[in-house]
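# Topology and contacts: notes
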Amino acid sequence: MPLRFDVLTLFPRMLDGLLSESILGRAVEAGFVEVGVHDLRKWCTDKHRTADDRPFGGGAGMVMKPEPAISAIESLATPGCLRIYLTPDGEPFNESMARELSGSPHVVLLSGHYEGIDQRIRETVIDREVSIGDYVLTNGTLPAAVLIDAIARFIPGVLGEEKSLTHESFTGKLLDFPQYTRPVEFRGKSVPEVLLSGNHAEIDKWRLAQRIEKTRQVRPDLLK
Ligand code: ADE
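Rules used in this analysis
- Residues numbered from 1 in each chain as written.
- Predicted model: local features only at pLDDT ≥ 70, side-chain atom pairs only at ≥ 80, totals over all residues.
- Heavy atoms only, no water.
- Near = heavy atom within 4 Å.
- Polar contact = N/O pair within 3.5 Å; in protein donor to acceptor, adjacent residues only side chain to side chain.
- Helix = DSSP H or I, 4+ residues; strand = E, 2+ residues; numbered from the N terminus.
- Nonpolar A, V, L, I, M, F, W, Y, C, P; charged D, E, K, R; others polar.
- Domains from an automatic or database assignment.
- Patch = residues over 30% accessible without salt bridge, like charges linked within 9 Å, V, L, I, M, F, W, Y side chains within 5 Å.
- Areas by Shrake-Rupley, 256 points an atom, 1.4 Å probe, with all protein chains shown as cover.
- Salt bridge = Lys/Arg side-chain N within 4 Å of Asp/Glu carboxyl O.
- Core = buried A, V, L, I, M, F, W, Y, C linked by side-chain atoms within 4.5 Å.
- Buried < 20%, exposed > 50% of the residue type's maximum accessible area, 1.4 Å probe, protein only.
- Contact = heavy atoms within 4.5 Å.
- Pairing = 2+ DSSP bridges.
- Axes fitted to C-alpha atoms, helices over the stretch in contact; angles between N-to-C directions.

The immediate surroundings of the ligand are formed by 13 residues, with Thr87, Ile132, Gly133, Tyr135 and Leu137 found nearest. Gly133 is positioned with one of its backbone polar atoms (N or O) 3.1 Å from a nitrogen atom of the ligand. In the environment of the ligand, a nitrogen atom lies 3.0 Å from a nitrogen or oxygen atom belonging to the backbone of Leu137. Taken together, the elements giving at least two residues each to the shell around the ligand come down to strand S5 (82–92) and strand S7 (128–131). When residues of the shell around the ligand are assigned to their parent elements, the largest contribution, three residues, is made by S5. Looking at the shell around the ligand residue by residue, the classes come out as eight nonpolar, five polar and no charged.

Quick look at the structure:
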């Protein structure tokens, strides 16, 4: 059974290239992943297809109205599916959440916009609120694509070699080691001798030392 994603957004075309290119595109093509992209306006039933309105209590910006999003999610949801709202005030997304979510049969992703969404949407049809980082984007459509990409990598078969998942950044809480390919020398910079030595024990030792040093410099929080 493929993992099914349904994305609800006011900007469905933002996802066009993202879902058809590269490894994710191949995963869709090969049937490991299914993605439905839905324009929320389809569920805006009033004459002007209004998706948002002014906030009660005042304040800048517009708030997504409850009726369209709730009807949309109720019509897309299946028994056992997980309904996620993408928002900067959600729990931080990471590699272990991606692995966990790859075990779900069906994930519905709601992209919010502007100043946010009516609280009753969250309380009525959302199981989990997720943020992709401590910065604010204009809407949750890119974050939805980020989740799909990161989750799809954990579906067996999506990455050609299972091996490519095992010793990369984050799986062992260390950042990755530097990689080199031909030519051996380029603009006066040479590939480290040890990588040309054929001595695999020494190569592994060098790579681990590089990972620790890189992590210490860039992400010391991961070493705690
Ligand atoms: N929508 C806007 N910013 C976001 C973020 N950082 N994560 C998830 N959804 C968002």
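All right, on to the domain arrangement of the chain then. Split into domains, the chain comes out as domain 1 (3–152) and domain 2 (167–223). Computed from C-alpha atoms alone, the centre-to-centre distance between domain 1 and domain 2 is 37 Å.

Time to look at a nonpolar patch on the surface. Taken together, the side chains of Phe11, Met14, Leu18, Tyr135, Leu137 and Leu142 present a nonpolar region at the surface, about 500 Å² in accessible area. Locating Leu137 in the fold gives a position in the loop between S7 and helix H6 (141–152).

Side chains of nonpolar character tend, in soluble globular proteins, to be buried together. If you look at the biggest cluster of nonpolar residues, it comprises 28 residues, and the most contacted ones within it are Phe5, Ile84, Phe93, Leu109, Leu147 and Ile151. By residue number, the principal contributor to this core is H6, which donates seven residues. For Leu147, the contacting residues outside a window of four places in its chain are Ile84, Leu86, Phe93, Leu109, Val130 and Ile132. In this structure, Leu10, Ala72, Cys81 and Ile126 belong to the second largest nonpolar core, which totals 20 residues.

Now for the pattern of salt bridges. In total, this model carries 13 salt bridges according to the counting rule given. A salt bridge links Asp6 to Arg4; its shortest N-O distance comes to 2.7 Å. A salt bridge links Arg122 to Asp89; the nearest nitrogen and oxygen atoms lie 3.2 Å apart. Taken together, the positions of Arg122 in helix H5 (residues 119–125) and Asp89 in strand S5 put the pair 33 residues apart, joining distant regions of the chain. Note on Arg122: relative accessible area 14%, which makes it buried. According to the relative accessible area criterion, Asp89 is exposed, its value standing at 53%. The network of salt bridges with shared partners includes Arg4, Asp6 and Glu34.

A separate point is the pairing of strand S6 (residues 106–111). Most of S6 sits inside the fold, with six of its six residues counted as buried. Here S6 shows no split at all, with His106, Val108 and Leu110 on one side and Val107, Leu109 and Ser111 on the other all buried. By the bridge criterion, five bridges tie strand S1 (residues 3–9) to S6 in an arrangement that is parallel. Its bridge partner lying in S6, Val7 is registered against Leu109.

Attention now goes to the sheet that holds S7. The five strands are arranged S2-S1-S6-S5-S7 in an open sheet whose pairing can be described as parallel. With partners counted over all chains shown, the strands left at the sheet margins are strand S2 (33–39) and S7, one partner each. Sheet twist, expressed as the average angle between the axes of neighbouring strands with direction ignored, equals 30 degrees. Two strands pair when backbone bridges link them, and S5 and S6 are joined in this way by five bridges, in the parallel orientation. Bridged to Tyr85 within S6 is Leu110. Those strands touched by helix H3 (residues 66–76) are S1, S2, S5 and S6, and its axis lies near 165 degrees from that of S6. Where H6 meets the sheet, its contacts fall on S1, S2, S5, S6 and S7, and the angle it forms with S1 comes to roughly 175 degrees.

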